[in-house]
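Letter by letter, the chains look like this.
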Amino acid sequence: MDMVRSRFASISRHLSSATKPRRVPSKYKSLAIGQAQQAITDYLHSTRSLSYTFAEHIAKNAAISIQNLISKLDFSVTTFSKSIRKHLSYHPINEFEFFFESIGIEYSEVNEFLPPNKFFFSEDRSVLDAACTLSGFGFPWNRLGKLYEEESSIFRQSPDEITSRLLNLKDHGFSTFAVIGICLAIPRALLGGEESRCLSVNLKRLFEEFDTEDFVEENVDSWFALCSKFKVFYHLGGNDKEMWELIGRHKPLFMEHPEEVLIQKTEFFCRFGVRKVDVALLILKCPEIMSFDLETPVVSVAGILKHFGLSEDELLVVSRDYPYVFGRNKMANLPHVMRALDLHDWIFDRLRNGNHHFLASYSLNNPDEDIIGEYRERLEEIQRSRTPTHTMHKLDFLHGIGFGENALTLKVLQHAHGSSTELTDRFRSLLDGGIRFSKLCMLIRLAPKILNQKPGSIEDKLRFLRGEMGASMDYLDVFPAFLCFDLEYRIKPRFRFHEWLLEKKLCSRSYSIASMVATSEKAFIARLYGLHPAIPKQWLERFSYRKQERNVC
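Everything quoted here is computed from the prediction, not taken from an experiment. As a convention, each chain's residues are numbered from 1 in the sequence order in which they are written. Reporting of local features is limited, given that this is a predicted model, to residues whose pLDDT is at least 70; pairs of side-chain atoms are given and counted only at 80 or more, and all residues count toward the totals for whole chains, interfaces and linings. The basis for every side-chain value is the complete set of heavy atoms in the structure, and neither hydrogens nor water enter the calculation.

Some points on the overall build of the protein chain
Only runs of H or I of at least four residues qualify as helices and only runs of E of at least two qualify as strands under DSSP, and these elements are numbered from the N terminus. Helix and strand counts for the protein chain stand at 32 helices and 2 strands. Every radius of gyration here is taken over C-alpha atoms, with the globule rule written as 2.2 Å times N^0.38, N being the number of residues. Here the C-alpha atoms of the protein chain give a radius of gyration of 32 Å, more than 25% beyond the 24 Å that 2.2 N^0.38 yields for 553 residues. Principal axes of the C-alpha set define a box for the protein chain whose edges measure 85 × 85 × 55 Å. Counting every position in the protein chain, which comprises 553 residues, the buried fraction comes to 46%. Each accessible area value is a Shrake-Rupley result obtained with a 1.4 Å probe; residue values ignore everything except the protein chains displayed when judging cover. Of the accessible surface of the protein chain, which amounts to about 28,000 Å², a share of 50% is contributed by carbon and sulfur atoms. Considering the protein chain, the positive charge centre built from 72 side chains and the negative charge centre built from 71 side chains are found 9 Å apart. The classification of residues rests on relative accessible area computed with a 1.4 Å probe and restricted to protein chains. Under 20% of the type maximum is buried, over 50% is exposed, and intermediate values are partly exposed. When charges are counted, Lys and Arg are positive and Asp and Glu negative, with His and the chain ends excluded. The atom standing in for a charge is NZ when the residue is Lys, CZ when it is Arg, CG when it is Asp and CD when it is Glu.

Written as structure tokens, this is what we have:
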């Protein structure tokens, strides 16, 4: 028996070693990659008839696809080059996979862009032809993915269309490097039409006003860096005339601050929920805002409202209506704090009417201002718990949507389940469903478990409420827990049965949605029995799913 086991183990090891390719030793890795890149280049050029230059671009810039290919083969210093070429003869590659990685798309995202059931450029050359045209003009091959991700329609244009639009930009007086920088930063410039024409005119005027020859080097990176800063405002205001005029007057704003800082500041003010062009105009009219620290300071909600001019009487009303927003919070969360209070338009008007300096001049009156002992004690308990990081991330989410450091926020935290990412997705789904920000925060305060519903479920319930039930979103003010009940096993069958009762004139009154949905099954059937002893049988046989209802409230 031992001899049999020994022979079996030997055979197993032999089979195992036969099926697993020998890995490339570290010292030969660069050699193997180089040989694989050359083999892919020759394959695409000789076998697939691509231009050698573009075949080389693809092979040189598809590192992970190359490594995946190498991992399937046995490695030997003397035979690897021959082995990989032989492998390609019998195992054609997915050319689009190599292509999309090579133009700069993250390999983990490549699958999102692969055309279905197509593996060879000969099946669809439009994307490749567009890339070759752009590369021939001077676009860096491995940065074309940025164009594709932002405006894939560019790659559905014919080479003649692309060439025509590139030359049209040059006709506006831009150099080749400037054209490439503009298009990489703002791909819409390559789409043509009136918007593209206006953009070209605005940029040309800006470059002349800025006298770009003095500070922009004649290369793609330098032009791309400058145009990326303009793009921040272009995405806010499009071709708004006043905005472009203001940009031309504020050269230091674009010379002194990197793109990341411009994005950070504009995103802060966009969170107030106002028009994007108004955000652009605020920053351009008050460029000193760029030096304000809008991330780290801690604010007292009551304190900053008084700082911006809210009267004591107004503050009393607001604190009574929105108690869960008060306490402390971070300056970074101020925009959502104001939206939760429904005061975002008020404070933004104050900012753009000359009071923007209030953001810089505010500070806590004293170190203990608005510190709530119960909140601090609970915070210490969270830090000692088994999952402090997970819980703190959820708490940060609540502060991020405007809930303050107070006991009411902690009660919401207790009932909200899921990661901070999941809670954020659900919150956005509710906003996208048409619920006003301040109202949504109030609904969460009243029925925290609405945050436990999946986005798809939220969308379906809101659609059913507005559609078949014919109710407005305002009904959620009365019955926010509606969103917690199961749509298929509770809401739909009960509502449709109620409609059937009214149609058959078996019920003389119309019940509210809350009365239909929130009543327990036992009480619901008792109510039906009170209408007529035979009605519960109709419910159980024709409408009820007779499954456990998934009511999470």
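Don't stop here, the text continues.
Regarding the environment of F174
Within the element layout of this structure, F174 appears in the loop between α9 (159-171) and α10 (176-185). In sequence terms F174 and F207 are 33 residues apart; their C-alpha atoms lie 9.3 Å from each other. Not counting residues within four places of it along the chain, the set of residues in contact with F174 comprises L169, V179, I182, S200, L203, K204 and F207. Here, residues are in contact when the closest pair of their heavy atoms is within 4.5 Å.

Structural notes on unusual backbone geometry
Despite not being glycine, N117 shows a phi value in the positive range, around 60°. Topologically, N117 is positioned in the loop between α6 (95-102) and α7 (126-137). Its identity as a non-glycine residue notwithstanding, K505 has a phi of 60°, on the positive side. Its place among the elements puts K505 in the loop between α29 (487-503) and α30 (513-518).

Topic: the pattern of salt bridges
Definition used for salt bridges: Asp or Glu carboxyl oxygen within 4 Å of a side-chain nitrogen of Lys or Arg. All chains considered together, the criterion is met by 28 salt bridges. Note that R188 is salt-bridged to E195, the shortest N-O span being 3.2 Å. A residue is classified by how much of its surface remains accessible, and R188, at 34% relative accessible area, is partly exposed. One salt bridge connects R352 with D349, and the closest N-O pair in it is separated by 3.0 Å. Of this pair, R352 and D349 both sit in helix α20 (residues 344-355), separated by 3 residues, roughly a single helical turn. Residue classification places D349 among the partly exposed residues on the basis of a relative accessible area of 30%. Taken together, the shared-partner salt bridges in this structure form one network comprising R275, D278, D349 and R352.

A look at the layout of surface pockets
Empty space among the atoms becomes apparent when a probe as large as a water molecule is rolled across them. Points on a 1 Å grid over protein atoms alone make up a cavity when a 1.4 Å probe fits among them but cannot get out, and a pocket when they form an open set with protein on both sides within 12 Å along at least five of seven lines; lining residues each have an atom within 4 Å of a point. Grid points are joined across faces, edges and corners, and a volume is the space filled by probe spheres set on the points. There is about 370 Å³ of room inside the largest pocket. Elements supplying a minimum of two residues to the lining of the largest pocket: α19 (334-340), α23 (388-400) and α25 (420-432). Sort the elements by how many residues they give to the lining of the largest pocket and α25 lands first, with 4 residues. Here the residues of the lining of the largest pocket sort into 7 nonpolar, 4 polar and 5 charged. Under the convention adopted here, Pro, Cys and the residues Ala, Val, Leu, Ile, Met, Phe, Trp and Tyr are nonpolar, Asp, Glu, Lys and Arg are charged, and Gly plus all remaining residues are polar.

A closer look at empty space enclosed by the protein
Under the counting rule described, the total for this entry stands at 1 cavity of 30 Å³ or more. Contributing to the lining of the largest cavity are R494, F497, H498, L501, C507, Y511, M516, F524, R527, L528 and L531. Where the lining of the largest cavity is concerned, the elements lending two or more residues are α29 and α31 (521-531). Across the lining of the largest cavity, the residue classes break down as 8 nonpolar, 1 polar and 2 charged.

Some points on the environment of V318
One can find V318 in helix α18 (residues 312-321). According to the relative accessible area criterion, V318 is buried, its value standing at 11%. Taking C-alpha positions, V318 is 18 Å from F272, a pair spaced 46 residues apart along the chain.

Details of the nonpolar core
Side-chain atoms within 4.5 Å link the members of a nonpolar core, which is a set of buried Ala, Val, Leu, Ile, Met, Phe, Trp, Tyr and Cys residues. Judged by nonpolar contacts, the single largest core of 178 residues is most densely connected at F233, F269 and L341. Considering every element that reaches this core, the biggest residue donor is helix α12 (residues 220-237), with 10 residues. The contact partners of L341, leaving out residues within four places of it in the chain, are V301, L305, V318, Y322, V325 and F326.

Details of the packing of aromatic side chains
A pair of aromatic rings is counted whenever rings of Phe, Tyr or Trp (Trp by its six-membered ring) have centres within 6.5 Å, and the orientation is called stacked for planes under 30 degrees apart, edge-to-face for over 60 and tilted otherwise. In the structure shown here, the tally under the stated rule is 36 aromatic pairs. Ring geometry for F54 versus W141: centroids 5.7 Å apart, planes at 25°, classification stacked. Linking F54 in helix α3 (residues 52-60) with W141 in the loop between α7 and α8 (144-150), this pair joins segments that are 87 residues apart in sequence. Judged by its relative accessible area of 17%, F54 is buried. Between the aromatic rings of F497 and W500, the centroid separation amounts to 5.5 Å while the plane-to-plane angle is 20°, which identifies the pairing as stacked. In this pair, F497 and W500 are both assigned in helix α29, 3 residues apart and thus about one turn of the helix distant. Across the pair, exposure class does not vary: F497 and W500 are buried alike.

Description of a negative patch on the surface
In this analysis, a patch consists of residues with relative accessible area above 30% that form no salt bridge, clustered at 9 Å for like charges and at 5 Å for the nonpolar side chains Val, Leu, Ile, Met, Phe, Trp and Tyr. Side chains of D211, E213, D214 and E218 sit close together on the surface and give a patch of like negative charge. Turning to its location among the elements, E218 is positioned in the loop between α11 (193-210) and α12. Judged by relative accessible area, which is 44%, E218 ranks as partly exposed.

A short note on the packing of helix α2 (residues 29-47) against α3
Helix axes use the C-alpha atoms of the stretch in contact, all axes being lines fitted to C-alpha atoms, and the angles between their N-to-C directions lie in the range 0 to 180 degrees. Interhelical geometry of α2 versus α3 gives an angle of 140° and a closest axis separation of 8 Å. Note on packing geometry: the crossing formed by α2 with α3 is right-handed. Of the residues in α3, those touching α2 at Q37, Q38, I40, T41, D42, L44 and H45 are Y52, A55, E56, I58, A59 and K60. Residues that form the contact of α2 with α3 fall into these classes: 6 nonpolar, 4 polar and 3 charged. Handedness of a helix crossing follows the sense of rotation of the near helix relative to the far helix, less than a right angle counterclockwise being left-handed and clockwise being right-handed.

Here's the deal with the side chain of N333
Inspection of the secondary structure puts N333 in the loop between β2 (328-330) and α19. Engagement of the side chain of N333 in a polar contact is seen with the side chain of N329, the distance being 2.8 Å. Once residues lying within four places of it in the same chain are set aside, the contact partners of N333 are H399 and G400. Polar contacts, as used here, are pairs of N or O atoms within 3.5 Å; protein pairs need one atom able to donate a hydrogen and one able to accept it. Residues neighboring in sequence count only if both atoms are side-chain atoms.

A closer look at the confidence of the model for the protein chain
pLDDT expresses, on a scale from 0 to 100, how confident the predictor is about each individual residue. Considering every residue of the protein chain, the mean pLDDT works out to 90; 94% of them sit at 70 or more. Taking the mean pLDDT of every element in the protein chain, the minimum, 45, falls on helix α1 (residues 2-19) and the maximum, 98, on α19. Low pLDDT, under 50, characterises residues 7-18; the stretch is placed with 0 contacts to residues that sit more than four places away or in other chains. Contacts from residues 547-552, a stretch scored under 50 in pLDDT, to residues over four places away or in other chains number 14 contacts.

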